[in-house]
Amino acid sequence: MYKIIVLAKQVPDTKNIIGEAMRPDGTVNRAALPAIFNPEDLQALEMALLVKDRFPQSKISVITMGPIAAIEILREALFRGADDGYLISDKQFAAADTLATSYTLTQAIKTLSGHGDPLEPKNENAIDLIFCGRQAIDGDTAQVGPQVAANLGIPQVTYAFEIVDIGDHHKNQITLKRQLDDVTELVRAQMPLLITVTDSASHARPRDIRRTIFLRKKKIPVWNIRDITASPDRCGLKGSPTNVLKINSVILSLEGKNTQTFEATPQSMDKLAKILRAELHQTGTLER
Amino acid sequence: MNAENIKTTTDNKDYNSLQYGTQHRTIFFDILLVGGGPANLTLAIHLTNLIKKHNADIIEKKIDARPIDYENKIAIIEKGINFGAHSISGAILDPVALNKIIPEHLQLGFPIESKIEEEEIWYLTSKYRWKLPVIPRFLKNHGNYVVSLSKMVSWMAKQAEQNDVVLLNEVAGVELLVKDNQLWGVKTDDRQISPKHYPGYQLKAQVTILGEGSAGVLTSAAIKRFGLDHSKNPSVYELGVKEVYELNKADKSDNLSINIGASKIGAGKCIHTMGYPLSTGLSSLITSHKSGGAFLYGMAENRLAIGMVTHLSCADPHLDVHRELQQFKRHPYIQKILHNAKVVGYGAKTVPCGGLYTIPRLTHNGLMIIGDGANLLDSRKLKGLHLAMESGILAAEELFAGYLRNDFQNPTPKDYKGFEMRLKQSFIYNEMYKSRNFSQAMKMGIPLPGGPLIGVQLMTKGWNPTGNLKTRPDYQQTRPINQPVGSRNKNASVNDAVHCDEKIVIDKLTDVFLSRTTHSEDQNSHITLKNEEHCKLCFQRYDAPCCCFCPAQVYEKREKKITINFSNCLHCKCCDLKCPLDNIVWRLPEAGGGPQYTIQ
């Protein structure tokens, strides 16, 4: 039996863009895009649920920081099998960069463990595992997970995509597969542990109808800055050292580029291959 | 199954022990509504309003009765990812039924695009247009709303949620649970999320209401299973495709409208057209085998809905409604409207246009059919939304009477025959009676020979001099390629697409992208062929009409074989209705798949 926390984020759906997704000033027009559960966070939830499938006494709590509307994804997590959800929402958290966000989430995790030491095994609310997606599809930084681990002072396994064994050798040991560029790494780690999950992990199970019926009205706690005893100086815009100087909206255009059209015949495909080979030789990518 | 069994399972609220793979796979409801469309949502809202009022009256001691507990007992399932994701229509809404259930809907933020202030009917030839000087009364739309059906449905779903109706989106009913000639509910879809398989639930209810919309899979299955269409005319359909344009803001001269000659288009305006490109002039007398029309509805935020509807009974095997719509937009007048406009949405649906004599029997033990699935559509007014919603109201009243009779204490499916009686006494029957021959005459061709027949019908409340017109299933009407089918341009082959400039003329696949349709590729194709050999026969005789009529390019001909790109599917189901050899089977895919309409 493990105590598990899943960190999740509600993000604008950047896969399905129709209409004006970007404002002229280069910021994302969130109103034009539907809000969804960040896909990798959903896979992190699934990994947590797989642990729960094996150890049904485990407890999964999902935490998200965001506006009130983000309660949607917590409900979604409950419908899929999580035990409870906590929304961390306060005006003072707005415009946070990754440092401020990870501080806020760390405070929330500490609060969840009854303000005791989240890592002290004697504390009955001590955390064993924290799962989060590798990165959110809106910011793509992949920093928040590792920063939370650093804040809590626990080890981390990033880019995990599969749990090989858990609790088989020792109750507090877990073996994971990590997805690196061209190798898969097998890592054995000690809990408490933070794991960030990549998109090659298994996809989330569908919503359970019975859970949907009975949990649709469950009250989800909303915590503000005082509830998690966070210092206002380290939250939101105030706590964010990141300064965005400029955002460029890059639009790839064919105008002014040297373009050629090839018919779908073997001859012209040969021609295309030749041109590409020549270009690769020129740039040195392909050895002669 | 017995009463005891049901009690214990409904009381079981221990959802945490119900992870996937456990045995408790049945859930019981009083009323299960299949399909989250306007008809079912109206039913749910109206019924819960009635129950709430009843319970309030008891508390205030106005009446002496037992309060009705419907918590977790009335549920709607919807196969789309959200409520409204699969809802598309023109759409003009006559708010007559809406006023009955939520009179203060405008104050509550009902999403109307515009209120119609001006309407026109055009007859188009390839270059010119002729404006009808008088608009027939039934096409007067003053005061009606132009709505985006997906927005409207998602708003109505919120109202239903506030009334404590269980909303289950992303759940598809794929099979009827029939026992002893009674309907006990539906089975939901299995999910394949590799490498795992998640089996579906059995949702059981004392009344299952099928409000699936046009040509619903379960509706057709139920009609067949219980023989509900005995001695009725076969259902016939129209296929409609629609694009939503964002008009160029720079072009708007005054008050969100664009000047085109003497006409303006913008919010509050609706235009219906006949003629070009389907059939024009006197040539239609001998050659009209494509019939239908187009529409332009001004929407809010400078948007314009532009669509084309044709009868699926068309004899031409090369019928392609999407192509006709592109052709329509190339008309000089329409081009002017669409100058510098940008297409932002697309969708398609079938429309049941058979009229009064195609309405099947609507009730059976444990079953009720409402809305489009019951063929409730007034083809004369080109509207079915208000009839669908009204049928929801009537069904709600019938079910409420059932609650008062304590019908739901005893868990056996019942036949609510009173619903059909209510329908016969309502304005639905009245309207549909007047238009009982309209669509059939329309199909013959306008202006001739359908025109005079329609004239007679309008004067005589729908009477037809040659007797009530019969319908034939759409798929039987396709003619082989070697027979003349009238206005088909022999030189314009299917592959010879009109040049796509992505402004006026939009490629079919670009449009499919705009519908945001997607299906999980882990599943098997939900569209299957009964027999692949039949396709070879079809190639010779009909030249594979599915490759043309499908508005989403699901079918492609590759080396004498049909390839099915099921992921493109828009769930209009026209292939199931129109394949000349009736060789295509359309089943429900995994829930969550399909288009994701937001403004359509």
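Residues numbered from 1 in each chain as written. Chains lettered and ligands numbered in written order. Predicted model: local features only at pLDDT ≥ 70, side-chain atom pairs only at ≥ 80, totals over all residues. Heavy atoms only, no water.

> Which residues make up the pairing of strand β9 (residues 184–190) of chain A, and what values do they have?
All names here are of chain A. Pairing of strand β8 (residues 173–179) with β9, which is carried by seven bridges, proceeds in the antiparallel orientation. Paired with K177 across the two strands is L186, which belongs to β9. From the end of β8 to the start of β9, which pair antiparallel, there are four residues. (Pairing = 2+ DSSP bridges. Helix = DSSP H or I, 4+ residues; strand = E, 2+ residues; numbered from the N terminus.)

> Run through the packing of aromatic side chains, naming residues and quoting values.
Residue and element names in this part refer to chain B. On inspection of all chains with the given rule, the structure shows ten aromatic pairs over all chains. Ring centres 6.2 Å apart and planes at 45° place the aromatic pair F110 and Y145 in the tilted group. With a gap of 35 residues between them, F110 in the loop between α3 (96–101) and β4 (112–115) and Y145 in strand β7 (residues 145–147) connect regions that are remote in the sequence. Accessibility assignment for this pair places F110 and Y145 in one class, buried. An aromatic cluster is built from F110, Y145 and W155, whose rings are joined through pairwise contacts. (Phe/Tyr/Trp six-rings, centres within 6.5 Å; stacked < 30°, edge-to-face > 60°. Buried < 20%, exposed > 50% of the residue type's maximum accessible area, 1.4 Å probe, protein only.)

> Break down the state of the cysteines for me, citing the residues and quoting the values.
Within this structure, the stated rule accounts for zero disulfides over all chains. Here B:C548 stays unpaired: no disulfide links it, and the sulfur of B:C547, its closest cysteine neighbor, is 6.5 Å away. (Disulfide = S-S within 2.5 Å.)

> Help me get a handle on the side chain of B:T350, residues and values and all.
Residue and element names in this part refer to chain B. Structurally, the position occupied by T350 is in strand β20 (residues 342–352). A polar side-chain atom of T350 sits 2.9 Å from a polar atom in the side chain of S214. A polar contact is formed between the side chain of T350 and the backbone oxygen of C572, at a distance of 3.1 Å. Not counting the four nearest positions on each side in its chain, T350 is found in contact with S214, Y237, E238, L239, L312, C572, C574 and L577. (Polar contact = N/O pair within 3.5 Å; in protein donor to acceptor, adjacent residues only side chain to side chain. Contact = heavy atoms within 4.5 Å.)

> So what about the confidence of the model for chain B? Which residues, and what values?
Any region with low pLDDT has predicted coordinates that should not be read closely. Residues and elements named next belong to chain B. Here chain B shows a mean pLDDT of 84. Residues at 70 or above account for 88%. Within the model, pLDDT remains below 50 along residues 252–262, and this stretch shows 25 contacts once partners closer than five positions in the same chain are excluded. Both scores are given for the predicted complex: the pTM is 0.88, the ipTM 0.83. (pLDDT = per-residue confidence, 0-100.)

> Quick one: what's the story with the nonpolar core, residue by residue and with numbers?
Residues and elements named next belong to chain B. Within the largest apolar cluster, 84 residues are counted, with the highest numbers of intra-cluster contacts made by L47 and L399. With eleven residues, the single largest contributor to this core is helix α9 (residues 385–404). Apart from residues no more than four positions distant in its own chain, L47 is found in contact with I31, I74, A396, L399, F400 and Y403. Formed by 61 residues, the second largest nonpolar core is a distinct cluster that contains Y276, I306, L312 and V343. (Core = buried A, V, L, I, M, F, W, Y, C linked by side-chain atoms within 4.5 Å.)

> Give a description of the environment of B:L203 that names residues and reports values.
For B:L203, the location among the structural elements is in strand β13 (residues 202–210). Sequence-wise, B:L203 and B:K179 are 24 residues apart; in three dimensions their C-alpha atoms are separated by 14 Å. Non-local contacts of B:L203, meaning those with residues more than four positions away in its chain, are made with A:I209, B:I27, B:F29, B:L32, B:I77, B:L177, B:W184, B:G185, B:V186 and B:T188.

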